[in-house]
Amino acid sequence: MRIDVITIFPEYLAPLGLSLLGKARDRGQVDLRVHDLRDFTHDRHHTVDDAPYGGGPGMVMRPGPWGEAIDSLLAERPELVPGLVVPTPAGRRFHQSVAVELAARPWLVFACGRYEGIDQRVVDHYRKRLDVYEVSLGDFVTSGGEVAALAVIEAVARLVPGVVGNAESLTEESHTAGELGGLLEYPVYTRPTTWRGLDVPAVLLSGHHGEIRAWRRAEARRRTASNRPDLLDQPRTGA
């Protein structure tokens, strides 16, 4: 999978070189590239923003640099059509199902906005040529799209075959349609069996796989009912 990120703060994406994703990058499983939007400006101040039409506070990112940046990437692989991911509080909520959809694509381009956002014409223009995904992490606002891009890339790249060493671990996670059927993941424990007066549930020490599986399903449902009751109303598979 190829992933390109366009931003005015390339250093913000440095964590992508760490952990599993960094190793996947070193192995060539994920081709990750970060681009500075200011490289596509033509004035001595490398201006990427301007005042909004219609008035109002803040600044809006100009369409010119974005168009040049995205077009330069498209020209590199004209035989491929990337998905354009635009993190924005005005986008649809990012879910695990969207991560699965994005992970199936061979190429993604992330456009990280700042200030009051990117001129709407950029999205409107590329929607005619590409699949555009305007996504939001939740009902809150950050200073820019980089933090959301980090989260989305992490969620997507770990689904690329080979990135996570034990692929079976991907089927027993919160929000997956595997063993838990979309419920939150059950509590997990490790050694020692007693810590600060708290014991590991006896069933996990029993060696009885059927009982352990039933306990985990029950705990997943209990945790979901407590923390995310809205998930219980959604269609599920598996558990």
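### Some words on the packing of helix H2 (residues 63-76) against helix H4 (residues 120-127)
And then number 1: Relative to each other, H2 and H4 sit at 30 degrees, their axes nearing to 9 Å. In terms of their interaxial angle, H2 and H4 are classed as roughly parallel. Judged by the twist between their axes, the crossing of H2 over H4 is right-handed. Each of Pro63, Trp66, Gly67, Ile70, Asp71 and Leu74 in H2 lies in contact with H4, whose residues at this interface are Arg121, Val122 and Tyr126.
And then number 2: A class-by-class count of the residues in the contact of H2 with H4 yields six nonpolar, one polar and two charged.

### Quick word on the side chain of Arg2
And then number 1: As for its placement among the helices and strands, Arg2 is situated in strand E1 (residues 2-7).
And then number 2: Engagement of the side chain of Arg2 in a polar contact is seen with the side chain of Glu76, the distance being 2.7 Å.
And then number 3: Sequence-distant contacts of Arg2, that is, excluding residues within four places in its chain, are made with Asp31, Arg33, Leu73, Glu76, Arg77, Pro106, Trp107 and Leu108.

### Re H4
And then number 1: Among the residues of H4, those classed as buried are Val122, Val123 and Tyr126. For H4, the angular spread of the buried residues around the axis is 95 degrees, confining them to a single face.
And then number 2: For H4, the elements touching its buried residues are H2, strand E5 (83-93) and strand E7 (131-136).

### Notes on empty space enclosed by the protein
And then number 1: For the structure on display, the rule yields one cavity of 30 Å³ or more.
And then number 2: Volume-wise, the largest cavity comes out at about 40 Å³.
And then number 3: Considering the residues around the largest cavity, the lining is formed by Leu20, Leu21, Glu154, Ala157, Arg158 and Val163.
And then number 4: Those elements that provide at least two residues to the lining of the largest cavity are helix H1 (19-27) and helix H5 (146-157).
And then number 5: Looking at the lining of the largest cavity residue by residue, the classes come out as four nonpolar, no polar and two charged.

### Some thoughts on the sheet that holds strand E2 (residues 31-36)
And then number 1: Taken in spatial order, the five strands make up an open sheet running E2-E1-E6-E5-E7, and their pairing is parallel. In the strand order of this sheet, the two ends are held by E2 and E7, each with one partner. Within this sheet the neighbouring strands show an average axis-to-axis angle of 30 degrees, counted without direction.
And then number 2: The sheet contact formed by E5 and E7 spans seven bridges and is parallel. Bridge pairing in E7 places Val86 opposite Glu134.
And then number 3: Where helix H3 (residues 96-103) meets the sheet, its contacts fall on E5, strand E6 (107-111) and E7, and the angle it forms with E5 comes to roughly 170 degrees.

### Describing a nonpolar patch on the surface
And then number 1: Judged by side-chain polarity, Phe9, Tyr12 and Val147 come together as a nonpolar surface patch covering roughly 240 Å² of accessible area.
And then number 2: Residue placement: Val147 occurs in helix H5.

### Concerning the nonpolar core
And then number 1: Counting 29 residues, the largest nonpolar core has Ile3, Val5, Val30, Phe94, Leu102, Phe110 and Val156 as the members making the most contacts within it.
And then number 2: Contributions of two or more residues to this core are made by E1, H1, H3, E6, E7 and H5.
And then number 3: When residues in this core are grouped by element, the largest group, seven residues, is from H5.
And then number 4: When sequence neighbours within four positions are dropped, the list of residues in contact with Ile3 reads Val30, Asp31, Leu32, Arg33, Leu108, Phe110 and Ile153.
And then number 5: Ranked by size, the runner-up nonpolar core spans 22 residues in total, among them Ile6, Ile70, Leu73 and Leu130.

### Concerning the pairing of E2
And then number 1: Pairing between E1 and E2: six bridges, direction parallel. Bridge pairing in E2 places Ile3 opposite Leu32.
And then number 2: Handedness of the β-α-β unit built from E1, H1 and E2 comes out right-handed.

### Things to note about the environment of Leu232
And then number 1: Structurally, the position occupied by Leu232 is in the segment after helix H6 (209-227).
And then number 2: Among the residues examined, Leu232 registers a relative accessible area of 26% and is labelled partly exposed.
And then number 3: Residues Leu232 and Leu184, 48 residues apart in the sequence, show an inter-C-alpha distance of 10.0 Å.
And then number 4: Look past the residues within four positions of Leu232 in its chain and what remains in contact with it is Leu183, Arg221, Thr224 and Ala225.

### As for the pairing of E6
And then number 1: With five of five residues buried, E6 lies mostly within the body of the structure.
And then number 2: In this sheet, E6 lies alongside E1 in parallel orientation, the contact comprising five bridges. When the sheet's bridge partners are listed, Val5 is paired in E6 with Phe110.
And then number 3: One ladder, built from three bridges, connects E5 with E6; its direction is parallel. Considered in E6, the bridge of Val85 is made with Phe110.

Rules used in this analysis
Residues numbered from 1 in each chain as written. Predicted model: local features only at pLDDT ≥ 70, side-chain atom pairs only at ≥ 80, totals over all residues. Heavy atoms only, no water. Axes fitted to C-alpha atoms, helices over the stretch in contact; angles between N-to-C directions. Helix = DSSP H or I, 4+ residues; strand = E, 2+ residues; numbered from the N terminus. Parallel < 35°, antiparallel > 145°, perpendicular 65-115°, else oblique. Left-handed = near helix turned anticlockwise from the far one by under 90°. Contact = heavy atoms within 4.5 Å. Nonpolar A, V, L, I, M, F, W, Y, C, P; charged D, E, K, R; others polar. Polar contact = N/O pair within 3.5 Å; in protein donor to acceptor, adjacent residues only side chain to side chain. Buried < 20%, exposed > 50% of the residue type's maximum accessible area, 1.4 Å probe, protein only. Arc of directions from axis to C-beta. 1 Å grid on protein atoms, 1.4 Å probe; cavity = no way out; pocket = protein on both sides within 12 Å on 5 of 7 lines; lining within 4 Å. Points joined across faces, edges and corners; volume = space filled by probe spheres on them. Pairing = 2+ DSSP bridges. Patch = residues over 30% accessible without salt bridge, like charges linked within 9 Å, V, L, I, M, F, W, Y side chains within 5 Å. Areas by Shrake-Rupley, 256 points an atom, 1.4 Å probe, with all protein chains shown as cover. Salt bridge = Lys/Arg side-chain N within 4 Å of Asp/Glu carboxyl O. Core = buried A, V, L, I, M, F, W, Y, C linked by side-chain atoms within 4.5 Å. Right-handed = clockwise from strand over helix to strand, strands pointing away.

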